[in-house]
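# Commentary on secondary and tertiary structure
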Amino acid sequence: MGMESFYIKIRFDSHKPEFETFSSIRTFFARLGFECVKDKQHLILDRKLFLNVFHNELQTELSLEGCFSWYEECMEYMYSILMKMTEAEHEFEVV
């Protein structure tokens, strides 16, 4: 997205093995009702947001990248993702 993009980061308290492979990431989001696809360089969530995954043996962090050109709609969409994660009882913090 580039210079006009913004991010929210979602940090889990521990390492989450469901984010180690594309297949497991796709399954995680499919259970929440979102489609995750992969192009040559990015993971794309519902054809709207870039998704980056960072993890080590202690914790897992997701980064959702949106675009300022549709900021209000994008923030509502990001919020809906967070709410579905909360409803599915995933413990995380937004940093």
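Structure: above.
First, a word on what this report is: a plain description of the structure on this page. Owing to the predicted nature of the structure, the values given are computational and were not obtained by experimental measurement.

### Observations regarding helix 2 (residues 71-87)
The terminal C-alpha atoms of helix 2 lie 24 Å apart, and with 17 residues this matches the ideal 24 Å at 1.5 Å per residue to within 8%. What helix 2 keeps buried is the set C74, Y77, M78, I81, L82 and M85. Projected down its long axis, helix 2 carries its buried residues within an arc of 140°, all on one side. Along helix 2, the residues that are exposed and aim more than 90 degrees away from the buried face are E72, E76, Y79 and E87. Where helix 2 is buried, its residues contact strand 1 (5-12), helix 1 (22-32), strand 3 (43-45), strand 4 (49-55), strand 5 (60-67) and strand 6 (92-94). Of the residues trailing helix 2, E89 is marked for its positive phi of about 65°.

### A closer look at helix 1
An α-helical turn contains 3.6 residues, so any two residues separated by three or four positions project in the same direction. Buried residues of helix 1: I25, F28, F29 and L32, and no others. Projected down its long axis, helix 1 carries its buried residues within an arc of 85°, all on one side. Among the structural elements, strand 2 (36-38), strand 3, strand 4, strand 5 and helix 2 are those in contact with the buried residues of helix 1. Backbone geometry just downstream of helix 1 places G33 in the positive-phi region, at approximately 95°.

### Focus: unusual backbone geometry
Phi at D46 is positive, roughly 50°, even though this residue is not glycine. Tracing the backbone shows D46 in the loop between strand 3 and strand 4. Even without glycine at this site, E89 takes up a positive phi of about 65°. The topology assignment puts E89 in the loop between helix 2 and strand 6. Assessed through its relative accessible area of 70%, E89 is described here as exposed.

### Some remarks on the sheet that holds strand 6
Across the sheet, which stays open at both edges, the six strands sit in the order 2-3-4-5-1-6 with antiparallel pairing between neighbours. Lying at the two open borders of the sheet, with one neighbouring strand each, are strand 2 and strand 6. Sheet twist, expressed as the mean angle between neighbouring strand axes with direction ignored, is 30°. Of the strand pairs in this sheet, strand 1 and strand 6 are connected by three bridges, and their pairing is antiparallel. Paired with R11 across the two strands is E93, which belongs to strand 6. The strands that helix 1 touches are strand 2, strand 3, strand 4 and strand 5; relative to strand 2, the one it contacts most, it runs at about 155°. Sheet contacts for helix 2: strand 1, strand 3, strand 4, strand 5 and strand 6; angle to strand 1, the most-contacted strand, approximately 10°.

Conventions adopted
- Residues numbered from 1 in each chain as written.
- Predicted model: local features only at pLDDT ≥ 70, side-chain atom pairs only at ≥ 80, totals over all residues.
- Heavy atoms only, no water.
- Helix = DSSP H or I, 4+ residues; strand = E, 2+ residues; numbered from the N terminus.
- Expected span 1.5 Å × (residues − 1).
- Buried < 20%, exposed > 50% of the residue type's maximum accessible area, 1.4 Å probe, protein only.
- Arc of directions from axis to C-beta.
- Contact = heavy atoms within 4.5 Å.
- Pairing = 2+ DSSP bridges.
- Axes fitted to C-alpha atoms, helices over the stretch in contact; angles between N-to-C directions.

The quantities given are spatial measurements derived from coordinates; they are silent on function.
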